[in-house]
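The lines below spell out each chain.
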Amino acid sequence: MFSFEVGSLLNIALVLVVGLGISVMMIWVERRFLGFWSDRLGPNRVGPFGIFQVIADAIKMLAKEDWIPPFSDKFTFVVAPMILPIVMLLSLGVIPFAPGIGIMDLNIALLWVFAMAGLASYSTMLGGLASNNKFSLLGALRGAGQMISYEVFMGISLLGIIILADSFSLREIVEAQADGWFVVPQFFGFIVFMVAAIAESHRWPFDLPEGESEIISGYNTEYSGMKFGLFMIGEYIGMFVMSALIPVLFFGGWLAPFGLEFGNEIISGLFWMGLKTSFFLLFFVLVRAALVRPRYDQLMNYGWLVMLPLALINLLITGAVVLYQAG
Amino acid sequence: MFKAIGKQINIIWSQIVSLWLVFLHLFKKADTVEYPDVKPYMFPRWRGRIILTRDPDGEERCVACNLCAVACPVDCISLQKTEDENGRWYPEFFRINFSRCIMCGFCEEACPTHAIQLTPDFEMAEYVRQDMVWEKEHMLIQGTGKYHDYNFYKVAGKAIGGKDKGEAQNELPPVDRRSLLP
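Note that the structure is predicted; figures quoted are calculated from it, not measured. (Residues numbered from 1 in each chain as written. Chains lettered and ligands numbered in written order. Predicted model: local features only at pLDDT ≥ 70, side-chain atom pairs only at ≥ 80, totals over all residues.)

Here the focus is the overall build of chain B. On a plain count of helices and strands, chain B comes out with five helices and five strands. Mapped in sequence order, the helices and strands of chain B form the string α-β-α-β-β-α-β-β-α-α. At 29 Å, chain B has a C-alpha radius of gyration far larger than the 16 Å of a compact globule built from 182 residues. With the C-alpha coordinates of chain B rotated into their principal frame, the extents come out at 115 × 50 × 30 Å. Here the analysis covers contacts within chain B between residues at least 6 apart in sequence; of these, 68% occur between residues at least 24 apart. (Helix = DSSP H or I, 4+ residues; strand = E, 2+ residues; numbered from the N terminus. Rg over C-alpha atoms; globule rule 2.2 N^0.38 Å. Contact = placed C-beta atoms within 7 Å.)

Written as structure tokens, this is what we have:
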């Protein structure tokens, strides 16, 4: 029960606490680094370097008035923000952080992650529809279109990896990268998956469902207090899941580059996994700071006419090479 | 078809270049002025807190002429004249309501003696609204403010105790009419 094998109580507690803790600290990290990359300082007053800003934000969110609009569909309005964190936490459960650390070890772990990402789009759509508000409806429609179409080539781009690793299980994918990370043979798959990951977690530059300067706040216009907090936490957990998934799939997971292992296998795995995840978390924040938001039809064109053919060509070439090498 | 592929590669490359350029901003100094640890620099003619100044001789400059109260567009100044034993006019009370004052500087431009002046200080916030009404003792300073050597009574023609008609600077003594008779 307290051992370091997958599914033990210690593991569950560790992964949940660290995962949720990092997702919540991302609020501070994002605001601070967005400030640095915009030639200003982020929040630096509340604690040492402003770390307790997260606590201040949490207190603010809990103390706000929790108002359900009388013109909305009350049951769906309350249920919609609950879906996103639940679904994202479920997909956090299958990610392998180190050889003995993880919550679940499914042999269809990759399909599980896609299923959860698909369910996450319900939260956007239901939230916007239940609000009975024109701007929320626009946000929900944009969210529905964007998330569903970007999920298509998110799946196809990973089919190349599944061919190379011969399994859906994330642990076996990591172990199959022992002699070469998958980013080298699957470079286009990496690019397509990176774009799709940013779109799936509603990050800038794909945050059209949230709008923020065009449609006031998109699907979370009518939400206040803890319901909005649930949407925000769900988005940050989704970002953490995606940044932990990209190293697992493409950059070797817990394996060290050039065999630079040290100490215990678990500690080395956690260190390298932590390093890679934090690199991608900061990369997500940099993408938010640097890139502009495309127009909605430009976004959909980009998805269907550029990313999807790229993913299909990647799959075709991977399949052809593997078949050729197998004789 | 190759042109289309080239265009796509150009698009992706420009995004990567903008990512790199924004990343370099991490190593540049931030433009934020960290108030209240660092106070911002305000220029000498910046219209901030109102003060009442004194002569180079140490007497207060305000002669209670009411020109500042008349010039004020929001009527926030109120004062009352009284005389001292030398016949010199001075304000018995001088009150400015800072919740009305718009810091326009019209009072400074209207004042004939350079008594009322605006300084580059802005930290005047209060918690109680009645504390925003300042009296003369809150505004009178011991120095001369921005205009160091202007003494109104030395150049004015009014006769007060210690200075008769004709004894001001640049003033000729009054002409004796009776000595001009043919």
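Here we take up the overall build of chain A. In terms of regular secondary structure, chain A is built from ten helices and zero strands. Residue burial in chain A is summarised as follows: out of 327 residues, 43% are buried. In chain A, the proportion of contacts linking residues at least 24 apart, taken out of those at least 6 apart, comes to 77%. (Buried ≥ 20, exposed ≤ 12 C-beta atoms within 10 Å, placed from the backbone.)

Moving on, we come to the interface of chain B and chain A. A common way to report how large an interface is uses the accessible area buried once the components associate. Taken together, the contact between chain B and chain A spans twelve residues of the former and eleven residues of the latter. Within the side of chain B that touches chain A, the residues separate by chemical class into five nonpolar, five polar and two charged. (Nonpolar A, V, L, I, M, F, W, Y, C, P; charged D, E, K, R; others polar.)

Residues and elements named next belong to chain A. Direction vectors running N to C along helix H5 (residues 134–165) and helix H10 (residues 296–325) enclose 15 degrees, while the axes themselves pass 9 Å from each other. In terms of orientation, H5 and H10 fall into the roughly parallel class. Crossing of H5 over H10 shows left-handed handedness. Counted by class, the contact of H5 with H10 contains 17 nonpolar, nine polar and one charged residues. (Axes fitted to C-alpha atoms, helices over the stretch in contact; angles between N-to-C directions. Parallel < 35°, antiparallel > 145°, perpendicular 65-115°, else oblique. Left-handed = near helix turned anticlockwise from the far one by under 90°.)

What follows is about the sheet that holds strand S5 (residues 133–134) of chain B. Pairing within the open sheet is antiparallel, and its three strands lie in the order S2-S3-S5 (chain B). Looking at strand neighbours, the two that pair on one side only are strand S2 (77–83) and S5 of chain B, the edges of this open sheet. (Pairing = 2+ DSSP bridges.)

Looking now at the environment of A:Phe187. Its location among the elements puts A:Phe187 in helix H7 (residues 187–200). Separated by 127 residues in sequence, A:Phe187 and A:Asn314 have C-alpha atoms that sit 8.8 Å apart.

With that settled, the discussion passes to helix H4 (residues 109–130) of chain A. Working note: α-helix, 3.6 residues per turn, so residues spaced by three or four point in the same direction. If you check H4(A), its first and last C-alpha atoms are 32 Å apart, about what 22 residues at 1.5 Å a residue would give, namely 32 Å. A:Asn132 lies just past H4(A) and shows a positive phi near 60 degrees. (Expected span 1.5 Å × (residues − 1).)

On to the nonpolar core. Membership of the largest hydrophobic core comes to 77 residues, with the highest contact counts inside it found for A:Ile95, A:Ala196, A:Val241, A:Leu245 and A:Leu249. Core analysis: the next-biggest nonpolar cluster, separate from the first, contains 13 residues, B:Cys62, B:Val63, B:Cys68 and B:Ile77 among them. (Core = buried A, V, L, I, M, F, W, Y, C linked by C-beta atoms within 7 Å.)

A word on unusual backbone geometry. Peptide bonds are mostly trans, and most non-glycine residues show a negative phi. Residues and elements named next belong to chain B. Looking along the chain, the bond that leaves Tyr-35 and enters Pro-36 is cis, with omega of 0 degrees. Structurally, Pro-36 can be placed in the loop between helix H1 (2–24) and strand S1 (50–52). Non-glycine residue Met-103 carries a positive phi angle of around 55 degrees. You can see Met-103 is positioned in the loop between strand S3 (89–97) and helix H3 (106–110).

With that out of the way, let us pick up the confidence of the model for chain B. On average, residues of chain B score 89 in pLDDT, and 100% of them reach the 70 mark or higher. Here the complex is predicted with pTM 0.82, and the ipTM for its interfaces comes to 0.79. (pLDDT = per-residue confidence, 0-100.)

In this section: the environment of A:Asp57. Counting through the fold element by element, A:Asp57 comes out in helix H2 (residues 53–63). For the pair A:Asp57 and A:Gly145, spaced 88 residues apart in the sequence, the C-alpha separation amounts to 31 Å.

In this section: the environment of B:Glu34. All names here are of chain B. Here Glu-34 lies in the loop between H1 and S1. Judged by C-beta crowding, with 11 C-beta atoms within 10 Å, Glu-34 ranks as exposed. With 33 residues separating them in the primary sequence, Glu-34 and Leu-67 have C-alpha atoms 40 Å apart.

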